[in-house]
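# Observations on the model geometry
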Amino acid sequence: MSALLKPLISPRDYLAAERTSVIKHEYHAGKVYAMAGASERHNLIVVNLVALLHGQLRRRTCTVYPSDMRVKVVTEGLYTYPDISVVCGAPQFEDEHRDTLLNPTLIVEVLSPSTENYDRGRKFQSYRSLPSLMEYVLVAQDQAHVEHYIRQPDGRWLLAEYSTLAATVRIDAIGCELTLTDIYEKVELDSSESSGGTQDV
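Source: prediction; values computed, not measured.

Calculation notes
- Residues numbered from 1 in each chain as written.
- Predicted model: local features only at pLDDT ≥ 70, side-chain atom pairs only at ≥ 80, totals over all residues.
- Heavy atoms only, no water.
- Disulfide = S-S within 2.5 Å.
- Helix = DSSP H or I, 4+ residues; strand = E, 2+ residues; numbered from the N terminus.
- Buried < 20%, exposed > 50% of the residue type's maximum accessible area, 1.4 Å probe, protein only.
- Core = buried A, V, L, I, M, F, W, Y, C linked by side-chain atoms within 4.5 Å.
- Contact = heavy atoms within 4.5 Å.
- Pairing = 2+ DSSP bridges.
- 1 Å grid on protein atoms, 1.4 Å probe; cavity = no way out; pocket = protein on both sides within 12 Å on 5 of 7 lines; lining within 4 Å.
- Points joined across faces, edges and corners; volume = space filled by probe spheres on them.

This paragraph deals with the state of the cysteines. Using the criterion set out here, one finds one disulfide in the structure. In this model, C62 is linked to C88 through a disulfide, with the two sulfur atoms separated by 2.0 Å. Looking along the S-S bond of the C62-C88 disulfide, the torsion reads about 105°, which is the right-handed sense. Of this pair, C62 sits in strand β3 (residues 62-65) while C88 sits in strand β6 (residues 84-88), placing them 26 residues apart in sequence. Exposure remark for C62: the relative accessible area of 10% places this residue in the buried category. Looking at C176, it has no disulfide partner, and the nearest cysteine sulfur is the one in C62, 7.1 Å off.

Bringing the nonpolar core into the picture now. Of all hydrophobic cores here, the largest spans 30 residues; its most connected members are L49, V86, V139, V146, L180, I183 and Y184. Ranked by the residues each element gives to this core, the list is headed by helix α2 (residues 40-57), at six residues. When near neighbours in sequence (up to four residues on either side) are disregarded, I183 contacts I45, N48, L49, L52, V139, V146 and L178. In terms of nonpolar packing, the next biggest core, distinct from the first, is built from 19 residues, Y65, F93, L101 and Y127 among them.

Counting buried residues in β6 gives four out of five residues, a clear majority hidden from the surface. Where β3 and β6 come together, four bridges link them in antiparallel fashion. When the sheet's bridge partners are listed, V64 is paired in β6 with V86. Where β6 meets strand β8 (residues 106-110), three bridges bridge the pair, whose relative direction is antiparallel. Its bridge partner being in β8, I84 is matched across the sheet by V108.

With that settled, consider the layout of surface pockets. The computed volume of the largest pocket comes to approximately 490 Å³. Around the largest pocket sit 24 residues that line it, and M35, A36, A38, H42 and D83 are the ones nearest its centre. Of all the secondary structure elements, the ones that give two or more residues to the lining of the largest pocket are α2, β8 and α3 (116-120). Broken down by element, the residue count for the lining of the largest pocket peaks at four residues, all from α2.

Here you go:
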């Protein structure tokens, strides 16, 4: 993503412009960035994940939001659009527009070449400051590979990796299970399968 405006702008001015914009922008510490479009594989994976999560949560007090739901990280001055957000319990919003979520329980990002380092690095660092966030999932779009980060009671994050289509990702914070076969349904992948494991980060 590239900076659109050099002068710093306020969150209020950003939100006013964003709510009338035909494209989405991320905001961080007074700067606005255009968000790149998504590939076919990216879109298919997001659709699969939304369907899987909604199907398991539709009769529970959890809500699945696709990428049009903006998330604010208050401590970082960040407004961003995760590919998928899930909140269990009552959602908290910044204002009466109800388009900026403050308390996601789970965030899922589908990795793209232009954003992969950001999603793993600075963006995840920002997300970790959300007290509500219990789990963070990164999904590759060119091969069967899922990285699943789980917040531990002592504040550490445990990483579990899955790289076989037969594997199942268990998201305990929202009580859901996702098989990689379902995540990658109808998605043409580049690489063959490998094994997975867990580690602390």
